[in-house]
There are 6 protein chains.
Amino acid sequence: MPPASPVSTRPRTLLPNPRVSPRFAGIATFCRYPRLEDVLPENRPIDWLLYGVPHDAGVTYRPGARFAPRAIREASQYVKRYHLEHKVDVCDRLSLADAGDAPVQPYDLKDTLDTVAAWATKTARAAGSSREPAKLLAVGGDHSIAYANLQATWALQGKPKGGLALIHFDSHLDTVDAVWGQQWGHASPFRRAIEAGIVNPRKMLSVGIKGPLNTADDLAFAKQQGVKIMTYADLHKKGTLDASPLRAFVKQLKQTPAYVTFDIDVVDPAFAPGTGTPCPGGLTSGEALDLLRALKGTNIVGADVVEVLPDRDPAGITAFLAAHVMFEVLALSV
Amino acid sequence: MPPASPVSTRPRTLLPNPRVSPRFAGIATFCRYPRLEDVLPENRPIDWLLYGVPHDAGVTYRPGARFAPRAIREASQYVKRYHLEHKVDVCDRLSLADAGDAPVQPYDLKDTLDTVAAWATKTARAAGSSREPAKLLAVGGDHSIAYANLQATWALQGKPKGGLALIHFDSHLDTVDAVWGQQWGHASPFRRAIEAGIVNPRKMLSVGIKGPLNTADDLAFAKQQGVKIMTYADLHKKGTLDASPLRAFVKQLKQTPAYVTFDIDVVDPAFAPGTGTPCPGGLTSGEALDLLRALKGTNIVGADVVEVLPDRDPAGITAFLAAHVMFEVLALSV
Amino acid sequence: MPPASPVSTRPRTLLPNPRVSPRFAGIATFCRYPRLEDVLPENRPIDWLLYGVPHDAGVTYRPGARFAPRAIREASQYVKRYHLEHKVDVCDRLSLADAGDAPVQPYDLKDTLDTVAAWATKTARAAGSSREPAKLLAVGGDHSIAYANLQATWALQGKPKGGLALIHFDSHLDTVDAVWGQQWGHASPFRRAIEAGIVNPRKMLSVGIKGPLNTADDLAFAKQQGVKIMTYADLHKKGTLDASPLRAFVKQLKQTPAYVTFDIDVVDPAFAPGTGTPCPGGLTSGEALDLLRALKGTNIVGADVVEVLPDRDPAGITAFLAAHVMFEVLALSV
Amino acid sequence: MPPASPVSTRPRTLLPNPRVSPRFAGIATFCRYPRLEDVLPENRPIDWLLYGVPHDAGVTYRPGARFAPRAIREASQYVKRYHLEHKVDVCDRLSLADAGDAPVQPYDLKDTLDTVAAWATKTARAAGSSREPAKLLAVGGDHSIAYANLQATWALQGKPKGGLALIHFDSHLDTVDAVWGQQWGHASPFRRAIEAGIVNPRKMLSVGIKGPLNTADDLAFAKQQGVKIMTYADLHKKGTLDASPLRAFVKQLKQTPAYVTFDIDVVDPAFAPGTGTPCPGGLTSGEALDLLRALKGTNIVGADVVEVLPDRDPAGITAFLAAHVMFEVLALSV
Amino acid sequence: MPPASPVSTRPRTLLPNPRVSPRFAGIATFCRYPRLEDVLPENRPIDWLLYGVPHDAGVTYRPGARFAPRAIREASQYVKRYHLEHKVDVCDRLSLADAGDAPVQPYDLKDTLDTVAAWATKTARAAGSSREPAKLLAVGGDHSIAYANLQATWALQGKPKGGLALIHFDSHLDTVDAVWGQQWGHASPFRRAIEAGIVNPRKMLSVGIKGPLNTADDLAFAKQQGVKIMTYADLHKKGTLDASPLRAFVKQLKQTPAYVTFDIDVVDPAFAPGTGTPCPGGLTSGEALDLLRALKGTNIVGADVVEVLPDRDPAGITAFLAAHVMFEVLALSV
Amino acid sequence: MPPASPVSTRPRTLLPNPRVSPRFAGIATFCRYPRLEDVLPENRPIDWLLYGVPHDAGVTYRPGARFAPRAIREASQYVKRYHLEHKVDVCDRLSLADAGDAPVQPYDLKDTLDTVAAWATKTARAAGSSREPAKLLAVGGDHSIAYANLQATWALQGKPKGGLALIHFDSHLDTVDAVWGQQWGHASPFRRAIEAGIVNPRKMLSVGIKGPLNTADDLAFAKQQGVKIMTYADLHKKGTLDASPLRAFVKQLKQTPAYVTFDIDVVDPAFAPGTGTPCPGGLTSGEALDLLRALKGTNIVGADVVEVLPDRDPAGITAFLAAHVMFEVLALSV
């Protein structure tokens, strides 16, 4: 976010006033933020670009997350702009835009990841200032797409040596080497990102991990690389959620550029039924939001929200929660 | 449709190629047609504007049609461009655009109808040529919004004496004087339009009417005014659907400017469960499409599709059918 | 119906005016007809009692029809009173009442049938006149409950020798001797009724029967007894529905007291997904209503609508159709 | 509740014995309590009247709460009578009745509120004793209807100077001045009630408030008026729910007549998906019930449960919870 | 089918008696037929193998058909054994078995097709006699898997010169060359099969084709190759369904080995909401079953049922219909 | 579990490798464990048999649990084998098999219970060793089936004097004497088991009990017999869940053979909407799993999971949780 962003008299993001134009009206963009093409010159450079990656060719179980960007756009119409706990109005303080969906094609996973990364990098450069490109908030799609957004974010940050810090909310570690011979699927993005030097494993934290696992060996890579794992049980050692270890972790990151990846299956299926590989006994949505708020102060330079599956979300609560996760990430950035 | 529209080498409507950009990608506009703002100069003037009217303050039973424009935008992503029976590619021949949603406010029905009519008239004038404004295809919303689009269409046609012809697909006549003291609700739009001279009752045909009724008296006004009523039973006198009376009706209209209003409840609840005042024993979707195709040759100058209720449409088939009804109307206009 | 019932200036059934009291308001009774206790003295004796039998202990596959009376009461709030084809207002002409639900207990099927039959007989006698008891329209529940209502109806008619005529809409014959040793389940009601002399098999017509069957032998009993079977294929010999054989059958019944039993699975699962033993390739709802209307002139003395399963009816269209089937039966009786 | 209500040998509310008459049988009234018309003389005067207000013309987003009274009547069939924690049988101790639905008409919000208030006042007076009218438990409908029930309750209490105490469970403050020019919508009931002197803002507590907000200004009115706000975060300062601030608040109310208004959106969408303006990160149902139980000892003189939206409640858990909220309120009153 | 199959005293397929072992009990196999491993020696060689192909990597729009084999196994528990129109008991006459699911892996479409074809060929050889291998009925998955089953069937038939006849039920032609560079997706199987000589285009009939199309050019390949196309409109020229052109087509096939491929989207979305690329205005299920029955006499040597999408099938009617389509194909083979 | 079970180099249960054979492929058995018939000789004797009891004739409210074994088989395809907290791979350590469904017939509850018990006893004897029969994990059906599995387990344990210990997770006590004259329904299994000496009431613990109750008397039998009751409120006395009383209870059981019965309605309807007699304000799934894990060290000799109702489980989360409850029970046994 722009370090010198004063409380301006003019909002940085022009949002339709819901007391003039109802939230159920209009072509749906993420949180009703303007399309990238429609951002006024005075609101450029843009701080964050939100974009969809309607891609689910990486799943190992239930497909359909390709329809998540649309479902989240719709659900996000009810996301408001003022954050009660952080006491900030994200639209006053940040210039936000919906860049549409990245180019994808479902028949070639690796090719799509490359295409998405290139498109996102270029779009963010054009939307930001020469000194500071726009930050990227990708909306999956399955978790495989995190690699593409990480890659783009890393490039936009100048490919820092040692890689980015990563704060990873998930039931699963996603560091499997390959499934069915596929190295780029949704079980593997962070293994690839660590291998590529994009993510620094010693500055990576996986939050909310739960069993059962396919095999105990699935923990090995992360442990060897020094990834910090906070299981659901670790977070609840004192009975109720304890966010202090998470706070301690992010505090020591200081100004390291950090990326937040949020797999919706980190919350319990009661709160997020619409996901492809759910895991029972997860966080409540209240706990998840609390953990996100505990990231305040972190230098977040990119993020994603993934694994929403609209066809298993009969009341729409999963997409609705995902939309608010996006908002929480943005609010951290003010 | 523009009389001089030759088969050009360049399509009149630029559509993303689904074999490059998948139908599940992108911010959803009606049938993937461009937003009005994005139409290229060479594709102006525009032939038809599609716009949503997310308004359901007129209902007498189940509300929720305010969410229909969004649901239909999503469902319409799978509408293709080439009409197999009419053998026309609507995008080659017509310049089409999504004008977004009209301004509405749910607390004042009459005020909203006035606002919508004014906005639509002005928008269509700006989008069309000086000689020929764009035609208006409104997507409700409940049936009360037909009045607004009729009013705009009538104005754009120069308020022809005697009013427009009206081809009305519905289970209900919608000519009740008032319900609970409200004259502008969804039971009354055509009574108001006849009274205002916008619709010529002797050139009005109501197709698919069915019982039961609240009272036999509900037929009186239409009959007195000379409205032609083809009940579901009338259409099936020979056992199977007979479209010839409909064909005969539209043939005698000759070049009279005609408006098509399509209440999705004219089809059976099996085909359109997502509607607020369903009626069992209705048309199949195949029959409804056949009847629409029988309008070929009519001078259609405006249209609407109304009464889709997404919350009662668990498999999305109602919105999907509505999207194809829009396509059928456009294909009549080539 | 009362032979001397002139078109009175006062309706025989007091119904809340939907243009004063909306259809979505009030404690739900069948079609908004008054509770039996609330019928005014001037509207007594009562012509038809509608009552629920929330019993599904007879099913062989999917249970849950015990919740159908409630679902149908709710769905029936939108049933109007004037029949467009027969041109009658049932509330002007008939005194109708909702008698609530019959006493049932799910752990003993035969005991429940006996209890229901006794309760219904007594209630109908009390509600009607000494000369003419009220007629009974039972809302199941599974098809086993038809036996109880048939038994009551037969008793109210003075147990006519030879039994009642029966017009039976169903995908299944329901004349199996026993399943799992149970003779009173939903596969057997008409076998029992024929054996008991309640139904005259030579005046019984089964309409809409379809395969596949468990065994060819399942046809034997009905054929031996002389039951007339019109399969779905028989009804469509000419491609489209031909109601004339049905008309011929009922015509020759003359004034024989006849009972109508309507298993909702006679219509296709598209029109009635909410049922326990569906059968694909069935009637449309339009065809089913046409067949019911073809019964005009029959001396109907009792009826039931059964096998609605609300938990498999996500859009409510099955209960909604069932409510209109009730209305069609009543309209035949004016 | 009547101060002298001894544990009688005869229950004050006659309830069908579920071990005789199954809970799935019978015309559905709230919790199976008798209709007002059916209450025996010996059970009069009545302590609490439950009534529906099928009205949703006040919503700013998703309509449909007009169908909530019916959905809650059905869901409430499984509400039992003995409260395990308070160790009271509400039917032994209180005379309870379902008064049906208040008169509404969806086309005029303010007129409906006036009509409801007048009807409720009159009905409660007639149902109670001359000294003590029946208390009113209204079942919405959207939150706008709280104003009507507050107005009636206030009148029945003799319009006490300074107004009623108000314990308000909600995600939202509902003290917006107006939306789209409408001062009586569901965003405004407590602003109007404070302005009218019906509610004493210094004895008003809003529990469970959450962001995001449309604007920080939305907090201003409540704060200026001295309303006490306990946000979700306030309640969870110690990690787990702490009900003691709530207990402290109600303790200092002493015998002030207090009204409880419960917007179902105060619980998380996982527990109440069926609501029109949900907010993620809310109370669990266990927490909500705990908070309600903490009101024990308060002099509750009226209440409402609002904002249930059946069409977004595929498994019925929202209406089911709402029915139990009603029971908790009644159990506080013994 | 075995030419010498007399009506034996012992059924060829051992089926649990539903009047002993309820249809809702037991591990679900297709239509309750035995697992291949469990078929008794006296019931070998096997006539038809039913197997699943849980593969949907070929879709261009909505994925999820990988879950169809399981959904159809469950829905098929209610498929009975005696065909009412053909008057045959398939279990008396044919030895049928469920061979489980073919090996698939979602990350490589072509590799999966090859693996499936090889596995199916080998399994059918082992299950049949040396003279006559078992026939293959594949349950998709998306339509791309038809290629694999066609290839296996063709091989089992001795790779007849000129290829197999093909009777193709579908809304789409599925002869597109490639989408997104992928030649093996669900838009292309019959183009590939024609090119490979597996299908004889002059003995190929596509039934139920409907628009709209992406482009008129999509018809070109099929027309050039001599494929016979019967559009939905062609089939309904006389208003009602006319099966005689279909009958004429199959009659001239004489004993040519023929394959039946049934894409569930050939029926209208009302009858088959659960599919990935639906098309409105399709066949009713009754019409589809009639057309299948009209194939009687054809020498069917292989078949598939594809494109069922359980996540869009809230009442399960699509899988239920698909299960009966399987039964109809088998009954043709007696 | 076998006391001498070393960590073998060969797994005791052969499971398809999900990275070879996808979890969405294959005929569904519980957790993909082999069918009993398919277990290799070297993996015999079997440690635990999982079997379904598709029986719901015992319910007092909403039926349909007969379909739970199938739904849970499907949902359990995603259950993995390595328990993260206990650090055990259940398939390495235990020989597990799916024995299919027990013989049931819905028309006679007591007869079915007897048949199930006899079948289970015999099957477990045959599957285990002469010294140690297989343990039985029954998957209901409604809670009445617990009696049958308890009876079988008790017999397999040599009918120990004093009976089995019982750890009972439920919202309800299930110790009612009879409902509608039926002593074997789902409200009574533990009363019958105590009376028969199968369960030792002084070693019985009911966890998660909640109100409201039908009557305070429903607590009397359990209290008189010395059953320990931990209500939901008892478990949360300190605000957050306190498992230590549960731990203390099971610790003092020492090696007493203990049975675990898990009624899914012990969790809140948000986590388990698909159940027949839900109760709001229940455990989260995380809490329920924690409590199960606290049983570590108990000598568990039998178990059941009951009351899953698939038709009320639109997103499948209830069956999914039930499948993981099964896994937790097995993991306790290593």
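A. The relation of the copies chain A and chain D, seen in detail. The transform that puts chain A on chain D rotates by 120° and translates by 0.0 Å along the axis, for an RMSD of 0.0 Å. Such values leave the two copies arranged in the relation of a three-fold axis. Across chain A, the rotation axis passes nearest the C-alpha of alanine 270 of chain A, at a separation of 3.2 Å. By residue overlap, the copies meet through two different surfaces: only 14% of the interface positions of chain A are interface positions in chain D.

B. Spotlight on the arrangement of the chains. Left apart from each other, chain A and chain C have a closest C-alpha approach of 11 Å. In this assembly chain B lies apart from chain F, the nearest approach of their C-alpha atoms being 11 Å.

C. Structural context of the packing of aromatic side chains. Tallied over the full model, the rule gives 60 aromatic pairs over all chains. Aromatic side chains tyrosine 51 of chain C and tryptophan 119 of chain C sit 5.3 Å apart centroid to centroid with 55° between the ring planes, which places their arrangement in the tilted category. Taken together, the positions of tyrosine 51 of chain C in strand β1 (residues 48–53) and tryptophan 119 of chain C in helix α3 (residues 109–127) put the pair 68 residues apart, joining distant regions of the chain. Here phenylalanine 67 of chain C and tyrosine 61 of chain F contribute two aromatic rings whose centre-to-centre distance is 5.3 Å and whose plane-to-plane angle is 85°, an arrangement assigned as edge-to-face.

D. Expanded view of the packing of helix α9 (residues 285–293) of chain D against helix α10 (residues 317–332) of chain D. All names here are of chain D. Put simply, α9 and α10 touch, their axes get as near as 10 Å, and they point 20° apart. Between α9 and α10, the interaxial angle falls into the category roughly parallel. Two packed elements cross with a definite hand, and for α9 against α10 that hand is right-handed. Residues Ser285, Leu289, Leu292 and Arg293 of α9 lie in contact with α10, whose contacting residues are Leu321, Val325, Glu328, Val329 and Leu332. Partitioning the contact of α9 with α10 into residue classes produces 6 nonpolar, 1 polar and 2 charged.

E. Quick look at the pairing of strand β6 (residues 164–169) of chain B. Residue and element names in this part refer to chain B. A large share of β6 lies buried, amounting to 6 of its 6 residues. Of the two faces of β6, the one holding Leu164, Leu166 and His168 and the one holding Ala165, Ile167 and Phe169 are both buried throughout. As judged from the 5 bridges shared by β6 and strand β7 (residues 199–209), these two strands associate in the parallel manner. Note that in β7 the partner of isoleucine 167 across the bridge is leucine 205. On the question of chirality, the crossover connecting β6 to the parallel β7 by way of helix α5 (residues 189–195) is right-handed. Here β6 pairs with strand β9 (residues 258–263) via 5 bridges, running parallel. Bridging across to β9, phenylalanine 169 finds its partner in phenylalanine 262.

F. Quick peek at the relation of the copies chain B and chain C. Superposing chain B onto chain C takes a rotation of 120° combined with a translation of 0.0 Å along the rotation axis, leaving an RMSD of 0.0 Å. Take the interface residues of chain B: only 12% of them recur as interface residues in chain C, which is what a contact between different surfaces looks like.

G. Highlighting the pattern of salt bridges. In total, this model carries 129 salt bridges over all chains according to the counting rule given. Here aspartate 89 of chain A makes a salt bridge to arginine 81 of chain A, at a shortest N to O gap of 3.0 Å. Between arginine 12 of chain F and aspartate 47 of chain F there is a salt bridge; the shortest N-O distance is 3.1 Å. Here the residue arginine 12 of chain F occupies a position in the segment before β1 (48–53), and aspartate 47 of chain F occupies one in the segment before β1, the gap between them amounting to 35 residues.

H. Spatial organisation of the pairing of strand β9 (residues 258–263) of chain A. Residue and element names in this part refer to chain A. For β9, the buried fraction is high: 6 of the 6 residues fall into the buried class. On β9, burial covers both faces: Ala258, Val260 and Phe262 on one face and Tyr259, Thr261 and Asp263 on the other are all buried. Alignment of β9 against strand β10 (residues 300–306), held across 6 bridges, turns out to be parallel. Its bridge partner being in β10, phenylalanine 262 is matched across the sheet by valine 305. One crossover worth recording links β9 to the parallel β10 by way of helix α9 (residues 285–293), and it is right-handed.

I. Highlighting the side chain of histidine 172 of chain F. Tracing the backbone shows histidine 172 of chain F in the loop between β6 (164–169) and α5 (189–195). Within the structure, histidine 172 of chain F has its side chain in polar contact with the side chain of aspartate 265 of chain F (distance 3.1 Å). Excluding anything up to four places from it in sequence, histidine 172 of chain F contacts Tyr78 and Lys80 of chain D together with Ile209, Asp265 and Thr277 of chain F.

J. Looking closely at the interface of chain A and chain D. With 29 residues of chain A at the interface, the matching set in chain D holds 35 residues. Counting each side, the surface lost to burial between chain A and chain D is near 2,600 Å², with a carbon and sulfur contribution of 67%. Salt-bridge contacts for arginine 19 of chain A lead to aspartate 218 of chain D; the nearest nitrogen and oxygen are separated by 2.9 Å. Residue assignment for the side of chain A that touches chain D shows that the elements contributing at least two residues are α9 and α10 (317–332) of chain A. In terms of residue count, the dominant contributor to the side of chain A that touches chain D is α10 of chain A (5 residues). In the side of chain A that touches chain D, the residues fall into 16 nonpolar, 7 polar and 6 charged.

K. Up close: helix α4 (residues 145–156) of chain D. Residues and elements named next belong to chain D. With 12 residues, α4 should reach 16 Å at 1.5 Å per residue; the first-to-last C-alpha distance of 17 Å fits that figure. Counting buried positions along α4 gives 11 out of 12 residues, so the element sits mostly inside the fold. Those residues of α4 lying buried are Ile145, Ala146, Tyr147, Ala148, Asn149, Leu150, Ala152, Thr153, Trp154, Ala155 and Leu156. Phi turns positive, to about 85°, at glycine 158, one or two residues after α4.

Reading the values: rules and limits
Residues numbered from 1 in each chain as written. Chains lettered and ligands numbered in written order. Predicted model: local features only at pLDDT ≥ 70, side-chain atom pairs only at ≥ 80, totals over all residues. Heavy atoms only, no water. Least-squares fit on C-alpha atoms with pLDDT ≥ 70 in both. Contact = heavy atoms within 4.5 Å. Phe/Tyr/Trp six-rings, centres within 6.5 Å; stacked < 30°, edge-to-face > 60°. Helix = DSSP H or I, 4+ residues; strand = E, 2+ residues; numbered from the N terminus. Axes fitted to C-alpha atoms, helices over the stretch in contact; angles between N-to-C directions. Parallel < 35°, antiparallel > 145°, perpendicular 65-115°, else oblique. Left-handed = near helix turned anticlockwise from the far one by under 90°. Nonpolar A, V, L, I, M, F, W, Y, C, P; charged D, E, K, R; others polar. Buried < 20%, exposed > 50% of the residue type's maximum accessible area, 1.4 Å probe, protein only. Pairing = 2+ DSSP bridges. Right-handed = clockwise from strand over helix to strand, strands pointing away. Salt bridge = Lys/Arg side-chain N within 4 Å of Asp/Glu carboxyl O. Polar contact = N/O pair within 3.5 Å; in protein donor to acceptor, adjacent residues only side chain to side chain. Buried area = accessible area lost by both parts, 1.4 Å probe. Expected span 1.5 Å × (residues − 1).

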